[in-house]
Amino acid sequence: MKLEKQQPTRSRWHIGPRWVELLVVSVLTIATGYFTGRVSERNYQADSPQPTATVTVRATETVTATPEATATPTTLAGEGENASVDGENPEPTDSSGVRPAQSYLSDLSAVTYTGDYGPSPVLMLGVNHPKSVRLGCNTSSYDSVTYDVSSYKRLKATLGIPSDADNAIGSVAAIKVFDASGRQIADAVQFRSSDTADLSVDISGQDQIKITCALVKSGDPNRSATTSGLGDAILTS
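Residues numbered from 1 in each chain as written. Predicted model: local features only at pLDDT ≥ 70, side-chain atom pairs only at ≥ 80, totals over all residues. Heavy atoms only, no water.

## Things to note about the environment of Gln208
Positionally, Gln208 belongs in strand S13 (residues 208-217). The class for Gln208 is partly exposed, based on a relative accessible area of 25%. Taking C-alpha positions, Gln208 is 6.8 Å from Thr146, a pair spaced 62 residues apart along the chain. If we ignore the near neighbours within four places in the chain, the residues touching Gln208 are Val111, Thr146, Tyr147, Asp148, Val149, Phe178, Asp179 and Ala180. (Helix = DSSP H or I, 4+ residues; strand = E, 2+ residues; numbered from the N terminus. Buried < 20%, exposed > 50% of the residue type's maximum accessible area, 1.4 Å probe, protein only. Contact = heavy atoms within 4.5 Å.)

## A few points about the nonpolar core
One finds Leu105, Tyr147, Leu155, Ile175, Ile203, Ile211 and Leu230 to be the most contacted residues of the largest nonpolar core, which totals 35 residues. When residues no more than four places from it in sequence are discounted, the contact partners of Tyr147 are Leu105, Leu108, Ser109, Ala110, Val111, Tyr117, Val133, Asp207, Gln208, Ile209 and Ile211. (Core = buried A, V, L, I, M, F, W, Y, C linked by side-chain atoms within 4.5 Å.)

## Digging into the confidence of the model for the protein
Regions with low pLDDT should not have their predicted coordinates read in detail. Mean pLDDT for the protein: 78, with 62% of residues reaching 70 or above. Below a pLDDT of 50 lies the segment residues 53-57, which in the model reaches 0 contacts outside its immediate sequence neighbourhood of four places, other chains included. Contacts from residues 90-94, a stretch scored under 50 in pLDDT, to residues over four places away or in other chains number 18 contacts. (pLDDT = per-residue confidence, 0-100.)

## Quick look at the packing of aromatic side chains
The tally for this structure, following the rule as stated, stands at 1 aromatic pair. Note on Tyr113 and Tyr117: the rings are 5.0 Å apart at their centroids and 40° apart in plane angle, and the pair reads as tilted. Its relative accessible area of 15% is what places Tyr117 among the buried residues. (Phe/Tyr/Trp six-rings, centres within 6.5 Å; stacked < 30°, edge-to-face > 60°.)

## Let's talk about the pattern of salt bridges
Summed over all chains, the structure comprises 5 salt bridges. Lys131 is the salt-bridge partner of Asp107, the closest N and O atoms lying 2.7 Å from each other. Of this pair, Asp107 sits in the loop between strand S2 (102-104) and strand S3 (112-114) while Lys131 is found in the loop between strand S6 (127-129) and strand S7 (133-138), placing the two residues 24 residues apart along the sequence. Between Asp164 and Arg134 there is a salt bridge whose closest N-O contact spans 3.0 Å. One end of the pair, Asp164, is in the loop between strand S9 (154-160) and strand S10 (172-179); the other, Arg134, is in strand S7, with 30 residues separating them in the sequence. The class for Asp164 is exposed, based on a relative accessible area of 52%. With relative accessibility at 18%, the residue Arg134 sits in the buried group. (Salt bridge = Lys/Arg side-chain N within 4 Å of Asp/Glu carboxyl O.)

## Focus: the environment of Ile203
With respect to the helices and strands, Ile203 occurs in the loop between strand S12 (197-202) and S13. Relative accessible area serves as the criterion here: at 0%, Ile203 is assigned to the buried category. Taking the C-alpha atoms as reference points, Ile203 and Thr236, 33 residues apart in sequence, are found 9.6 Å from one another. The residues contacting Ile203, other than those within four sequence positions of it, are Val149, Tyr152, Lys153, Arg154, Leu155, Ile185, Ile209 and Leu235.

Structure representation (C-alpha cells):
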C-alpha cells in the first residue's frame, strides 16, 4: 500500500493558511458592519427635519403730531373799546370777569370820559358820600362819562352839588342818562346846592350807559360851569 502525502489546503486568495483567511474574513465583516452603521446614522441625521427658529418682527410706527398754527388777530390803531374817540380820554374797562350783584361806579373804570370827571368822596348838605363820582357841569353838556353796565338792571345815586365845588351857590344842574346809541333812557334829574335829588334809572338790557351833566342855571353870571356829585352811585342786578 502506497501512502500519498497530502498538501496543506491553500486559501482561495492565496494569502496563507485557511485559518488566516477565516480570520481576515471575520475582521472585514466586522469592519464593514461598523462603517455601514455609521453611514446609515449620518444619512438618518441628514434626512431628519431640523428645528427652525422663527423670528417675529413687529414694526412700530411713530406718528408725530404737528400743532396747527393759530392766527393771532391784529388790532389796528384806534380800534378796541379803550380807543380814544373825538379827543375823549380813555380809561381801562373793568375786566374782573364775573360781575358781583352790585357795584359802585367809583369802583369801576370808565370806558371813556370827557371834561371834569373822577371817583371821589363828596360832601353834600352836610352828608358825606364816600363811594361817589364827581362830574363837571357846564352849559354845553360837554362833560360826560361812559360805563360798561352789562348784566346790571338799575342805576341809583344821590345827586347834588358838593359843598366844595366852584360856583356852587345858586347854581342848578341836571343829570341825563343815555344808552350806547345816544338815546336818552330817563328823564333829566335837576338839583342845586341847597338840595339833593334821587336818581333811579332802569338800565336792563343795556351794555353801556353815558352820563352827562348840564348847567341849567349858573349862580355866578360870569361863570358857565360847576361840579356835580353822584353820591354813592351804585349799579344793581
